[in-house]
Amino acid sequence: MKGTGHYGNMYRIVPFNRTDDGTIETSMIRNIIGYESRKYSCAEINQYESGQRVWPGISVSSDVKILGITAVNMGTMDGVDPGNEYTSTCVDIFGGEIDGDGITIRDCVAVNPYMDGGGAPYPINGPVETQTNNIAYADNTTTKLNLSTFIPASDSALKGAGIADIDLPTDYYSTVRINPPTIGAVEAYKAFLGRLSPQGYKVKLFKVSTT
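Residues numbered from 1 in each chain as written. Predicted model: local features only at pLDDT ≥ 70, side-chain atom pairs only at ≥ 80, totals over all residues. Heavy atoms only, no water.

### Focus: unusual backbone geometry
For clarity, the cut-off: For helices the rule is a DSSP run of H or I covering at least 4 residues; for strands it is a run of E covering at least 2, with both sets numbered from the N terminus onward. Exposure classes here rest on a 1.4 Å probe applied to the protein chains alone. A residue is buried below 20% of its type maximum, exposed above 50%, and partly exposed in between.
In this model, Asn-179 is joined to Pro-180 through a cis peptide bond whose omega is 5°. With respect to the secondary-structure elements, Pro-180 resides in the loop between β13 (135-137) and β14 (190-192). With phi around 50°, Glu-36 is a residue other than glycine that occupies positive phi space. Relative to the helices and strands, Glu-36 is located in the loop between β4 (26-35) and β5 (43-46). A positive phi angle, close to 60°, is found at Met-77, a residue other than glycine. Assignment of secondary structure puts Met-77 in the loop between β7 (63-72) and β8 (91-94). In this structure Met-77 comes out as buried when scored by relative accessible area, which is 12%.

Laid out in structure tokens, this is it:
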């Protein structure tokens, strides 16, 4: 999923599942690109509403796994009334964590996120049980993202800095992830002979004769 200029969290999940035996499922969010949101983040995990939907013997709060988000120039606050600004980055956690659930967030990058009240940029807004390898940058100087395709340059700081995950085999463009993968929603492309190869594979051209 990709969104530009959205107001409100682009992707919102209320993590619970109906169950007869108490089995906890995992809800998955992966390969999201957010660009120049007006307010709020790429994704929200709404734990408050999840808690309202958990009934003994009927439903349980589910686990959540978020992998590979790229959030760029978030929180322009275009049209937002003064005093209503809010942190806009990769992920919002609303309502805190609920007993019995688990949140894992990995390999997400925020470039120039909006931090309400200022301060150093960060990729996750709220408490998380497990977060690994999520990073935020004040600008695009070292991430070197193409702001049309969001493909990192071959010398981007994101390339090869990720952690391989069985639940993230491909990127936003269905490109197979290399190992170690690129942080964010899009795998870095390698340049060669003036061309770009999605997985960095060497391409050979053959002339075919029909005679």
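### Brief notes about the pattern of salt bridges
Rule in force here: Each reported salt bridge corresponds to a side-chain nitrogen of Lys or Arg within 4 Å of a carboxyl oxygen of Asp or Glu.
If you walk through the whole model with that rule in mind, you get 5 salt bridges. The shortest N-O distance in the salt bridge between Lys-65 and Asp-165 comes to 3.1 Å. Highlighted residues: Lys-65 in strand β7 and Asp-165 in the loop between β13 and β14, separated in sequence by 100 residues. Here the two residues Lys-65 and Asp-165 agree in accessibility, since each one is buried.

### What to know about the environment of Gly-3
Inclusion rule: Only heavy atoms matter for contacts: two residues are in contact if any of them lie within 4.5 Å across the pair.
Counting through the fold element by element, Gly-3 comes out in strand β1 (residues 2-4). Residue classification places Gly-3 among the buried residues on the basis of a relative accessible area of 9%. What Gly-3 contacts, discounting residues up to four positions off in sequence, is Met-10, Ile-33, Gly-34 and Tyr-35.

### What to know about the environment of Arg-106
One can find Arg-106 in strand β9 (residues 103-106). The sequence separation of Arg-106 and Arg-30 amounts to 76 residues, and the corresponding C-alpha distance is 9.7 Å.

### What about the sheet that holds β5?
The criterion, for reference: In short, DSSP must find at least two bridges between two strands for them to pair.
Spatial strand order, β2-β5-β8-β11: 4 strands in an open sheet with parallel pairing. Among the strands making up the open sheet, the edge pair consists of β2 (11-13) and β11 (124-125). Where β2 and β5 come together, 3 bridges link them in parallel fashion. Across the sheet, residue Tyr-11 finds its bridge partner in β5, namely Ala-43.

### What about the nonpolar core?
Note the following rule: Definition used in this section: a nonpolar core is a set of buried Ala, Val, Leu, Ile, Met, Phe, Trp, Tyr and Cys residues joined via side-chain atoms within 4.5 Å.
Ile-45, Ile-66, Ile-69, Val-91, Ile-93 and Ile-105 are the most contacted members of the largest nonpolar core, which totals 22 residues. Among the secondary structure elements, those contributing two or more residues to this core are β4, β5, β7, β8 and β9. Here this core takes 4 residues from β7, the largest share from any one element. Residues in contact with Ile-69, not counting those within four places in the same chain, are Ile-32, Cys-42, Ala-43, Cys-90, Val-91, Asp-107, Cys-108, Val-109, Gly-184 and Ala-185. Within the second largest apolar cluster, 14 residues are counted, among which are Ile-33, Val-72, Phe-150 and Leu-158.

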